[in-house]
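Architecture at a glance
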Amino acid sequence: MANLKDIRKRINSVKSTQQITKAMQMVAASKLKKAQDSVVQARPYASKMSDVLASLAVRVKPGKHPLLERREEKKVELLVITSDRGLCGGYNGNVIKAADSFLKTRGAGGETALLSVIGRKARDYYRRRNWEFQTEELNPGTTSFAQAEVVAQAIIDRYVAGETDAVYVAYTDFQSAMTQTVQIKRLLPVEPKALAEDEFPVEYLYEPSEEALLTDIIPRYVATQIFRMLLESIASEHGSRMTAMDSATKNANEMTDKLTLLYNRARQAAITTELMEIVSGAEALN
Amino acid sequence: MESDKIRLKIASPYREVLDVEVDEVVAPGEGGQFGVLPGHTPFLATIGVGQLAYRQGNQLKYVAVAHGYAEVEYHQVIVLLDAAELSDEIDVDRAERARQRAEGRLAEISPEDKDYVVELAALDRAMNRISVAKI
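Residues numbered from 1 in each chain as written. Chains lettered and ligands numbered in written order. Predicted model: local features only at pLDDT ≥ 70, side-chain atom pairs only at ≥ 80, totals over all residues. Heavy atoms only, no water.

Section: the pattern of salt bridges
What the rule picks out here adds up to 22 salt bridges over all chains. We note a salt bridge from R220 of chain A to D216 of chain A, for which the minimum N-O separation is 3.9 Å. With R220 of chain A and D216 of chain A both in helix α5 (residues 210-285), this residue pair falls four residues apart, about one helical turn. R99 of chain B serves as the salt-bridge partner of E96 of chain B, at 2.5 Å between the closest nitrogen and oxygen. Note that E96 of chain B and R99 of chain B are positioned in helix α1 (residues 92-108) at a spacing of three residues, about one turn of the helix. In this structure, a network of salt bridges that share partners links the residues R123, D124, R127 and E136 of chain A. (Salt bridge = Lys/Arg side-chain N within 4 Å of Asp/Glu carboxyl O. Helix = DSSP H or I, 4+ residues; strand = E, 2+ residues; numbered from the N terminus.)

Put into structure tokens, the structure is as follows:
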């Protein structure tokens, strides 16, 4: 009879796990909605910002600003953006995998690779592998533009000081709740969007001067980029968690069904044995 | 000119604040206030802390703004800002609390402290929001 009790215990434990995954799925769904909204809301600003930068950069001579200047990439910094929390399917694993192969190929070519992390998962992973971090931030899922600005400033400072020749970011691009793709994009040097063939740069009046504006706008543009990538990553995290929890809930469902079947069979077998015993006992009396 | 209106778009990193047709815009540039009427020459300027006013017909409306850029084209003004709040959106109590907090900190630290500037800027923004809300 111990078997019956064991199965019942398993069923209960699977059911309570299912309750948790179900709740997490629902929480992730509502957070995803919010995160998705903020991605969409942040878009006008980000796209306008790159337009302004593009129109400004065509009229300023290259080399006017250190962040526009391209150097030979000898020291490369990679900023890895993951989440703080797990239980979101392959989300963090995918980012780290892409980051790892990037670091490996870059490191092999005699280049020095530097590392910065946002998010506890990446931090723990690379700390175990004895990496040193240039910038280390957590990713609590409530991004503020101020946080992005702080990170951007640190990255810019290192670039201007010549500690890095190029900066890349590994993050997850949010396409839909079901699809997120890991991307590695170059952040520095800044490459302004090229104007289309039929677009002409408009002649502007500037206040203050072009250069002053450019010095002001570029760091902000970098911060905007980081901010956008953070938002995308957070939306992806919730999307990925939602899908993972959805399949976990489904698996739990299947498992309860199987276990229930097993339980019923065991119960039936027990009853049959008991009946057999009674019948054979009665027969022995005759 | 094909149109005598200006399209005014205001966006902060978090959201698009405003997208309306207006007749006139007055913005607090860092080099001084400037007004924009339809057909203005293309113009790019930095914006400081202050009030941006826009006119629709004979109605005047205000937005509390802080730090950013204005890109002016013939019939379009795009303003990118760190922070922007419409006058009827401003939470006066919150702004008041921010003002008191900033004042309290300013009283504690010396003017040489590097946070002094930060707090001064915070006070500036809070005062600006309060004054816009009261218009």
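Observations regarding the sheet that holds strand β3 (residues 133-137) of chain A
Two orientations exist for strands paired in a sheet by backbone hydrogen bonds: parallel and antiparallel. Residues and elements named next belong to chain A. Across the sheet, five strands lie side by side as β3-β2-β1-β4-β5; this open sheet has mixed pairing. Two strands in the sheet have a free side with no partner beyond their single neighbour: β3 and β5 (180-188). On average, each strand axis in the sheet is inclined to that of its neighbour by 20°, with strand direction left out of account. Helix α4 (residues 145-160) contacts β1 (75-81), β2 (112-118), β3, β4 (166-174) and β5 of the sheet and is inclined by roughly 175° relative to β3. Relative to the sheet, α5 contacts β1, β2, β4 and β5, its axis offset from that of β4 by approximately 35°. (Pairing = 2+ DSSP bridges. Axes fitted to C-alpha atoms, helices over the stretch in contact; angles between N-to-C directions. Contact = heavy atoms within 4.5 Å.)

Focus: a positive patch on the surface
All names here are of chain A. Together, R120, K121, R128 and R129 make up a region of like positive charge exposed at the surface. Inspection of the secondary structure assignment puts K121 in helix α3 (residues 120-128). Given the relative accessible area of 34%, K121 is considered partly exposed. (Patch = residues over 30% accessible without salt bridge, like charges linked within 9 Å, V, L, I, M, F, W, Y side chains within 5 Å. Areas by Shrake-Rupley, 256 points an atom, 1.4 Å probe, with all protein chains shown as cover. Lys, Arg positive; Asp, Glu negative; His and termini not counted. Charge placed at Lys NZ, Arg CZ, Asp CG, Glu CD. Buried < 20%, exposed > 50% of the residue type's maximum accessible area, 1.4 Å probe, protein only.)

Considering the domain arrangement of chain B
Residues and elements named next belong to chain B. Taken domain by domain, chain B holds domain 1 (6-88) and domain 2 (91-133). Put simply, the middle of domain 1 and the middle of domain 2, counted by C-alpha atoms, are 24 Å apart. Taken residue by residue, the interface counts ten residues in domain 1 and eight residues in domain 2. Together domain 1 and domain 2 conceal approximately 680 Å² of surface at their shared face, both sides included; 59% is due to carbon and sulfur atoms. The three residues of domain 1 that bury the most area against domain 2 are V49, A64 and E85, which together make up 52% of that side's buried surface. Linking domain 1 with domain 2 are one salt bridge, by the criterion used here. Between E85 and R129 there is a salt bridge, and its shortest N-O distance comes to 2.9 Å. Summed over the shared surface of domain 1 and domain 2, the number is four residue pairs in polar contact (both at pLDDT 80 or more). Contributions of two or more residues to the side of domain 1 that touches domain 2 are made by β6 (50-56) and β7 (59-73). No other element matches β7, which puts five residues into the side of domain 1 that touches domain 2. Classifying every residue of the side of domain 1 that touches domain 2 gives six nonpolar, three polar and one charged. (Domains from an automatic or database assignment. Buried area = accessible area lost by both parts, 1.4 Å probe. Polar contact = N/O pair within 3.5 Å; in protein donor to acceptor, adjacent residues only side chain to side chain. Nonpolar A, V, L, I, M, F, W, Y, C, P; charged D, E, K, R; others polar.)

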